[in-house]
Number of protein chains: 2
Amino acid sequence: MFPMPPSDQSPSSNPPYRQVAIVGVGLIGGSIGLALRQRRLAEEVVGIGRRQSSLDKAMECEAVDRTTTDLAAGVADAQMVVVAAPLRLVPCLVRGIAEVCPEDGLITDVGSVKGALCGELAAIGSFVGSHPLAGDHRSGPDNARADLLSGKVVVVTPLPEDSKSHGTSRKQRPGLLQQLTKFWESLGARVMSMDPGQHDRALAVTSHLPHWVASAMAGATPEEWLPLVATGWRDTTRIAAADPDLWGQIFTENKAGLLEALDRFEDRIARMRHAIETEKPLLSLLDEAKRIRNAVGD
Amino acid sequence: MFPMPPSDQSPSSNPPYRQVAIVGVGLIGGSIGLALRQRRLAEEVVGIGRRQSSLDKAMECEAVDRTTTDLAAGVADAQMVVVAAPLRLVPCLVRGIAEVCPEDGLITDVGSVKGALCGELAAIGSFVGSHPLAGDHRSGPDNARADLLSGKVVVVTPLPEDSKSHGTSRKQRPGLLQQLTKFWESLGARVMSMDPGQHDRALAVTSHLPHWVASAMAGATPEEWLPLVATGWRDTTRIAAADPDLWGQIFTENKAGLLEALDRFEDRIARMRHAIETEKPLLSLLDEAKRIRNAVGD
C-alpha cells in the first residue's frame with residue numbers, strides 16, 4: 001500500500017480523453033460523468049445501461065453527453081471504460097467490453113470487492129480494478145455530484161505480479177497502472193495502490209464491517225423505542241439505510257474478509273463485555289478507541 | 001411511555017422563574033443556561049461548580065449570570081435546581097441540595113441512567129429525574145448552544161408509584177411532574193414520561209449500545225488501515241470520540257440494561273452471520289434494518 005505521486009498532467013485546450021464510456025450511470029457512475037464534463041476532461045462521455053429510463057435520468061442530470069443500451073456500440077470508440085454496474089455483473093461486462101473496445105482502451109471498475117474479481121479477470125490485459133471510497137447511503141444519478149470523488153481515496157488494485165520487477169506471469173499491459181492513476185487524479189481523487197486480496201481484508205474492516213454493524217444495530221432496535229433515539233443512534237445506524245441488494249452482494253463476495261473482520265470486532269466486544277461483567281477497567285479500551293477515532297477527524 | 005401535552009404557559013413580562021441554579025455547567029448545563037437567558041425565563045441563572053476555572057468559562061460563554069463554588073449558597077434561593085454533574089455525584093448532590101434549597105424548590109438532574117438513582121432518591125420529595133436526549137461527542141461549556149434542546153426529547157422519570165392513582169407509597173410532591181414538564185417545554189424540548197427502569201432498558205438500546213458498538217468498531221480497526229476509511233466508518237464510529245470517563249460511568253451504572261441490549265445486538269449479528277456462512281438469504285434482515293432506520297430520518 002503506497003500513495004501514488006500526483007500526476008504531471010498540464011492544462012491544455014484539448015481534453016485528455018476523446019471518449020470515456022460509463023457502464024451503469026448511478027451515484028458513482030453519474031458523479032464520474034459529471035466530473036469529467038465539468039472539468040472538460042473528455043470530448044464525449046457515453047452513458048451505457050440496460051434500462052433507457054435510467055439513462056434518461058442520467059441525461060437529465062447532465063452526467064453524460066449521450067446514452068445507449070447497446071454495450072458493444074457504446075464502448076467501440078472509448079479510450080477509457082468505467083464499469084460502475086452491480087458487482088455480480090462486472091466480470092461478464094469486462095470480458096464483453098475487452099472484446100470490442102479499442103486496442104489501446106483501458107477498462108476499470110468501481111466495485112467494493114477486488115480479490116476474486118481481479119483474479120478472474122487476470123487474462124484481460126487491458127483491465128485494472130479500482131475502488132473509489134466515496135459511497136453514500138443514497139443512490140442513483142439524481143444524487144450524483146461532480147465533487148463526489150474530490151479529495152477522496154481511490155484504491156487501484158493491480159495484480160501482485162505487476163508489482164514485481166521480475167514477474168514471470170505479467171499479464172496486464174505495461175503503463176496501465178500509471179494511466180489509471182492519472183485518470184482518477186484528474187477527477188480530484190487521491191490514488192493508493194494495493195494488492196486485491198489485501199484490499200479486501202482492509203476494506204472488510206474499514207467499510208464492510210461498519211455496514212454490517214449499522215444494520216445489526218438498527219435491526220436490533222424495537223420500533224416502539226425509536227422516539228428515544230438521539231444523535232448517537234442516528235450516526236451509528238445511518239448506513240443501514242444503504243441499498244440492501246448492493247450490500248448483500250458485497251458481503252457475499254467478500255465473505256472471507258468480512259468473517260475475519262467480524263472475528264476482530266466480536267473479540268473486541270467480548271473484551272469490553274468481560275471488563276463490564278467482572279467490573280474490571282473498561283477505560284483503557286474506551287481510551288484506545290477514542291484515540292483511533294480522533295486520528296481520523298470529523 | 002406517553003408524550004406530554006404542550007404547556008399552556010402564556011408569554012409574560014415577568015420571567016416565570018426568579019432563580020434557576022445549574023450545578024455543573026458543561027455542555028448540557030451550559031446549554032440550559034444559555035436557553036434560559038436567551039428566552040428570558042429566569043431573573044437570574046446561577047452556575048455552581050467545583051472549579052472556578054470551569055465557572056469562569058461558563059461566564060465567558062454567557063451561560064450564567066453569576067457563579068459560585070458554594071453549593072449551599074448557590075441553591076439557597078433557587079426555585080429550580082438542575083444537577084448536570086457526573087452521574088456518580090448526582091445522588092449525593094441532590095441530597096445536599098434538598099436540605100438547603102427553598103421548600104417549594106424543584107430538583108432534577110440530566111443523567112443518562114435513571115433506575116438506581118431514582119430509587120435511591122425516592123425519599124426526596126422535591127426530586128424528579130430527567131434525561132435530555134441531546135448529547136454530543138463534544139463536551140464543555142464552549143460547545144454549549146441555546147438551541148441544543150430545541151425539538152429534542154427530554155424523558156422525565158417519576159417513580160412508578162406516582163403514576164398510580166391509589167399509590168400507597170407516594171413520596172414525590174404532587175404537581176412536581178407538571179412543573180418539571182413545563183420547565184423543559186419552556187426550553188423548546190418535547191417531554192416524554194417513563195418509569196425509570198423502563199427508561200434504562202430502552203436507552204440501553206437507543207443510546208448506550210450505539211456508544212458501545214462505535215467504540216468496539218473504532219477499537220477493532222488497525223491503525224495502518226485508517227487511510228482507507230470512508231463516510232460509513234466515520235458515521236458509525238463518530239461517538240467513539242465521546243468522553244470515555246462519562247461513558248464508562250454510564251455503562252457501569254446501567255450494566256443490566258446494557259447487557260440485555262448487547263444480547264439483543266449479538267443475537268442479530270449471529271443471525272446475520274449464520275445467513276452469510278450458510279449462504280442463506282441475508283436480504284430480509286438487511287431490508288428490515290433499512291426500514292427501521294428509514295423510519296427515523298436523517
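Rules of the game
- What you see as residue numbers is a count from 1 along each chain, following the sequence as written.
- As a convention, the first chain written is A and the first ligand written is 1, with the rest following in written order.
- pLDDT decides what is reported in this predicted model: residues at 70 or higher carry local features, side-chain atom pairs at 80 or more are listed and counted, and totals for whole chains, interfaces and linings draw on all residues regardless.
- Any two strands are treated as partners once DSSP identifies two or more bridges connecting them.
- Counting from the N terminus, the helices are DSSP H or I runs at least four residues long and the strands are E runs at least two residues long.
- To obtain an axis, a line is fitted to C-alpha atoms, over the contacting stretch when the element is a helix, and the angle between two such axes runs from 0 to 180 degrees between their N-to-C directions.
- To estimate how far a helix should extend, the number of its residues minus one is multiplied by 1.5 Å.
- As a rule, residues whose C-beta atom has 12 or fewer other C-beta atoms within 10 Å are exposed, those with 20 or more are buried, and those in between are partly exposed; C-beta atoms are placed from the backbone.
- Residues are defined as contacting one another if the C-beta atoms placed from their backbone atoms lie within 7 Å.
- Following the grouping adopted for this structure description, the nonpolar residues are Ala, Val, Leu, Ile, Met, Phe, Trp, Tyr, Cys and Pro, the charged ones are Asp, Glu, Lys and Arg, and the polar ones are all others, Gly among them.
- Confidence scores here are pLDDT values: one per residue, from the predictor, ranging 0 to 100.
- Throughout, the edges of the domains are those of an automatic or database domain assignment.

A short note on the sheet that holds strand 6 (residues 106–109) of chain B
Residue and element names in this part refer to chain B.
- A sheet is described by the order of its strands in space; here 5 strands give the open sequence 4-3-2-5-6, paired in parallel fashion. Of all the strands in the sheet, just strand 4 (66–68) and strand 6 have a single pairing partner and so form its edges. Ignoring strand direction, the axes of neighbouring strands in this sheet form an average angle of 20 degrees.
- Relative to strand 4, strand 3 (residues 42–48) runs parallel, the two being bridged by 3 bridges.

Some remarks on helix 1 (residues 27–38) of chain B
Residues and elements named next belong to chain B.
- Across its 12 residues, helix 1 extends 16 Å between first and last C-alpha, which sits within 8% of the 16 Å expected from 1.5 Å per residue.
- Buried residues dominate helix 1, accounting for 10 of its 12 residues.
- All buried positions along helix 1 are accounted for by L27, I28, G29, G30, S31, I32, G33, L34, A35 and L36.
- Those residues of helix 1 that are buried lie in contact with strand 2 (17–23), strand 3, helix 2 (52–60), strand 5 (80–83) and strand 7 (129–132).

Considerations on the environment of C101 of chain A
All names here are of chain A.
- Assignment of secondary structure puts C101 in the loop between helix 4 (90–100) and strand 6 (106–109).
- A count of 23 C-beta atoms within 10 Å places C101 in the buried class.
- With 23 residues separating them along the chain, C101 and A78 place their C-alpha atoms 6.5 Å apart.

Quick notes on the sheet that holds strand 6 of chain A
Residue and element names in this part refer to chain A.
- Pairing is parallel in the open sheet, where 5 strands are placed in the order 4-3-2-5-6. The sheet terminates laterally at strand 4 (66–68) and strand 6, the two strands that pair on one side only. Pairs of neighbouring strands in the sheet enclose a mean axial angle of 20 degrees, with direction left out of account.
- Sheet analysis places strand 2 (residues 17–23) next to strand 3 (residues 42–48), joined by 6 bridges and oriented parallel. The residue of strand 3 that forms the bridge with V23 is I48.
- In the packing of helix 1 (residues 27–38) onto the sheet, the strands contacted are strand 2, strand 3 and strand 5 (80–83), and the crossing angle to strand 3 comes to about 165 degrees.
- Packed on one face of the sheet, helix 4 meets strand 2, strand 5 and strand 6 and runs near 170 degrees to strand 6.

A closer look at unusual backbone geometry
- The residue R40 of chain A is not glycine, and still its phi comes out positive at about 50 degrees.
- For R40 of chain A, the location among the structural elements is in the loop between helix 1 and strand 3.
- Residue R40 of chain A is classed as partly exposed on the basis of its C-beta count, with 13 C-beta atoms lying within 10 Å.
- Unusually for a residue other than glycine, E62 of chain B sits at a positive phi of about 60 degrees.
- By the secondary structure assignment, E62 of chain B is in the loop between helix 2 and strand 4.
- Look at E62 of chain B and you get partly exposed, because 16 C-beta atoms sit within 10 Å.

Observations regarding the interface of chain B and chain A
- The interface of chain B with chain A comprises 71 residues on the first partner and 70 residues on the second.
- Counting only elements with at least two residues in the side of chain B that touches chain A, the list comes to strand 8 (153–157), helix 8 (196–219), helix 9 (231–237), helix 10 (244–253), helix 11 (255–277) and helix 12 (283–296) of chain B.
- If one sorts the elements of the side of chain B that touches chain A by residue count, helix 8 of chain B sits on top with 16 residues.
- Its residues placed into classes, the side of chain B that touches chain A shows 44 nonpolar, 14 polar and 13 charged.

Description of the confidence of the model for chain A
Residue and element names in this part refer to chain A.
- Taken residue by residue, chain A gives an average pLDDT of 91. The fraction at 70 or more is 91%.
- Taken as a whole, residues 1–9 scores under 50 in pLDDT and shows 18 contacts with residues more than four places along the chain or in a different chain.
- Every residue in residues 165–170 scores below 50 in pLDDT, and together they form 5 contacts with partners more than four places removed in sequence or on other chains.
- Two numbers describe this predicted complex: its pTM, 0.83, and its ipTM, 0.84.

Quick look at the domain arrangement of chain A
Residue and element names in this part refer to chain A.
- Domain parsing of chain A yields domain 1 (2–194) and domain 2 (199–296).
- The C-alpha-based centres of domain 1 and domain 2 are spaced at 30 Å.
- Taken together, the 14 residues of domain 1 in the interface contact 14 residues of domain 2.
- Among the secondary structure elements, those contributing two or more residues to the side of domain 1 that touches domain 2 are helix 5 (115–120) and strand 8 (153–157).
- For the side of domain 1 that touches domain 2, the residue count by class is 6 nonpolar, 6 polar and 2 charged.

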